[in-house]
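Coordinates in review
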Amino acid sequence: MTFETDIKRYINNNPKSKKLHDLAKKVMPGGDTRNSIYWNPFPIYLSEGNGSKVKDVDNNVRVDLVNNMTTLILGHNNKNVRKAIINQTEKGTSFPAPTSPIIELAQILCERVKSVEKIRFVNSGTEATLNAIRASRAFTHKQKIVKCEGAYHGNHDAVQISVTPDLSLAGSKNTPKPVKAFEGIANSATEDILIIPFNNDEVAEKIITENAEEIAAVIVEPINGQCGMIPAKKSFLEKLRYITKKHNIVLIFDEVISFRISSGGAQEYFDIYPDITCFGKIIGGGMPVGAFGGNKKIMNLWDPSKSKKYVQHAGTFNGNPITAIAGLTTLKSLKKDTYEKLNKKGDYLRNKLSDLFLEMEAPLTTTGVGSLFAIQCTADQVIDYRSYSKNDQVLLNKIFISLLNSGFLISNRCSGSVSVSNSYEEIDSFVLSLKKILSNLGY
Ligand SMILES: Cc1ncc(COP(=O)(O)O)c(C=O)c1O
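Along each chain, numbering runs from 1 in the same order as the chain's sequence is written. It should be noted that, the model being predicted, local features are given only for residues of pLDDT at least 70 and side-chain atom pairs only at 80 or more, the latter also being counted only at that level, while totals for whole chains, interfaces and linings use all residues. Side-chain calculation: all heavy atoms of the structure are included, whereas hydrogens and water are not.

1. What about the overall build of the protein chain?
The way it works is that DSSP assigns letters per residue, a run of H or I at least four long becomes a helix, a run of E at least two long becomes a strand, and they are numbered from the N terminus. Tallying secondary structure elements over the protein chain gives 16 helices and 16 strands in all. Here the C-alpha radius of gyration of the protein chain, 22 Å, is about what a compact globule of 443 residues would show, namely 22 Å. Across its three principal axes, the protein chain shows a C-alpha extent of roughly 65 × 55 × 45 Å. Exposed residues in this analysis have more than 50% of their type's maximum accessible area, buried residues have under 20%, and partly exposed residues fall in between, with area computed by a 1.4 Å probe over protein chains only. Counting only residues that meet the buried cut, the protein chain has 55% of its 443 residues in that class. At a minimum sequence separation of 6, the contacts of the protein chain that also span at least 24 residues come to 70%. When the accessible area of the protein chain is evaluated, it comes to approximately 19500 Å², of which 52% is carbon and sulfur surface. Neither His nor the chain ends is counted toward charge; the positive residues are Lys and Arg and the negative residues Asp and Glu. Note on charges: their place is set at NZ of Lys, CZ of Arg, CG of Asp or CD of Glu. Side chains of the protein chain carry 55 positive and 45 negative charges; the gap between the two charge centres is 4 Å. Here the radius of gyration uses the C-alpha set of atoms, whereas the globule reference equals 2.2 Å times the residue count to the power 0.38. We call two residues in contact whenever any of their non-hydrogen atoms come within 4.5 Å of each other. Here the accessible surface of atoms and residues is derived via Shrake-Rupley with a 1.4 Å probe, and residues count as covered only by protein chains that are part of the display.

2. Notes on the sheet that holds strand β10 (residues 250-254)
A pair of strands is treated as paired once DSSP finds two or more bridges between them. Within the open sheet, the seven strands sit side by side as β4-β12-β11-β10-β7-β5-β6. Their pairing is mixed. Two strands lie at the open edges of the sheet, namely β4 (118-122) and β6 (193-196), each paired on one side alone. Going across the sheet, the axis of each strand differs from the next one's by a mean of 20°, ignoring polarity. Of the pairings in the sheet, the one linking strand β5 (residues 144-148) to β6 comprises four bridges and is parallel in character. Its bridge partner lying in β6, Lys 147 is registered against Ile 195. Convention adopted: a line fitted to C-alpha atoms gives each axis, helices being fitted over their contacting stretch, and angles between N-to-C directions are expressed from 0 to 180 degrees. Sitting on the sheet, helix α6 (residues 125-140) touches β4, β5, β7 (215-220), β10, β11 (276-279) and β12 (290-294), and the angle it makes with β11 is about 165°. Contacting β5, β6 and β7, helix α8 (residues 201-210) runs over the sheet at an angle of about 160° to β6.

3. Quick look at the site of the ligand
Taken together, the neighbourhood of the ligand is formed by Ser 124, Gly 125, Thr 126, Tyr 152, His 153, Gly 154, Glu 221, Asp 254, Val 256, Ile 257 and Lys 281. Under the rule applied, a polar contact is a pair of N or O atoms within 3.5 Å (in protein, one hydrogen donor and one hydrogen acceptor; residues adjacent in sequence only if both atoms are side-chain atoms). Interatomic distance of 2.8 Å between a backbone N/O atom of Gly 125 and an oxygen atom of the ligand. Interatomic distance of 2.6 Å between a side-chain N/O atom of Thr 126 and an oxygen atom of the ligand. Considering the ligand on its own, with 390 Å² of exposed area, one finds that the protein chains cover 80% of that surface. Three classes are used, and their members are as follows: Ala, Val, Leu, Ile, Met, Phe, Trp, Tyr, Cys and Pro are nonpolar, Asp, Glu, Lys and Arg are charged, and the others, Gly among them, are polar. A class-by-class count of the residues in the shell around the ligand yields three nonpolar, five polar and three charged. We call a residue near a molecule or strand as soon as one heavy atom of that residue lies within 4 Å of the molecule or strand.

4. Here's the deal with the pattern of salt bridges
The salt bridge definition used is simple: a Lys or Arg side-chain nitrogen within 4 Å of an Asp or Glu carboxyl oxygen. Across all of its chains, the model carries 20 salt bridges by this definition. With its nearest N and O atoms 2.8 Å apart, the salt bridge here joins Asp 22 to Lys 18. Of this pair, Asp 22 and Lys 18 both sit in helix α2 (residues 15-27), four residues apart, which is roughly one turn of the helix. Judged by its relative accessible area of 29%, Asp 22 falls in the partly exposed class. Linking Glu 205 and Lys 239 is a salt bridge whose minimum nitrogen-to-oxygen distance equals 3.1 Å. Pair noted here: Glu 205 is in helix α8 and Lys 239 is in helix α9 (residues 234-246), with a separation of 34 residues, a long-range link. You can call Glu 205 partly exposed: its relative accessible area is 25%.

Structure below.
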């Protein structure tokens, strides 16, 4: 079967999604409000989610192995979370004064995450990294930030640089140049940033040391999501911790994704602790969320009672009780052994994929850690953006569409995450479907 047949099958199987897409395009550019879930020829429009499965408007049911981009750690429509949300909505949805559920969510995060003494809430991971960077500048009285090539930290100017840069514009591996992710980003964003290669201790040390006087913060994901859930080498994070401490630079861990690998986050897993941590995704239990927290010295910058010079932080829906209660219910149900079981399931999935690629002699590999995984369409080991960019994007897209046809949803970059609801049987049939797909593609 050719890929053209698969595309035809996709169009035939999803006529209502196609119709909705045509309608949506008239009022929303691209037919939606989130570019990351757009794909050709059109995305599926989902109508229901339950446990490990999602249903689309054409009544196709698929096993969800992406879980709203790693957010839904318990799976869809968890009974306790749903009940908690309904209870809260009966009391009101948002108020012009603080409510108590957010205190409990703050408490649980401060208890579980060793480096977080105080925390503030926002409505997205984007706002979390924006505020963490602002805090670093206010705290150090310096301007520049350092980020890794190939890292995504949200949709604001300061970090929409060198996310998936065209390598012909991105300088050499040891002297990477900042490249705007798209037009519309302020020129000052490229002037205020330094780019380091992920997982390269020596180059990172050199660039940071040479510019230390100007650097306010180094922001890093302990597990790089954008390039396929690649864990950092411990030595890389150790180097960043050492060098930032030495030069009065704030170390920010973006744990928007990686917070799902243990109750204390990736920082607990690596046993390396930042000054500020950014959160999102799982901590809202499926509702819009973001948070940033760290040591008291930095976090007290936001305290309006302490100083006239506090850093402004507003937001009509910050800390709203519905998000708080959904997040709290989710986190409370995540015990230490829940993470262990979930991570084992992730190990099982990645091992099965590796075995399959070996057995079929296909030029594919898998990356990831804990419950996070990605399929890489390159035989080379992926450890940073430059090795990631060797992916065969055409093959990746074929696999993605064919998996949709076979009843599985992963991200359109072929990465994903398992939830508490996904079963071992689902993982087995996912791998079997992938085997058939690769065999149809000639492997
Ligand atoms: C590592 C990381 N940081 C920040 C963000 C931005 O979060 P949000 O989409 O909630 O703005 C994302 C989103 O995928 C992310 O993966």
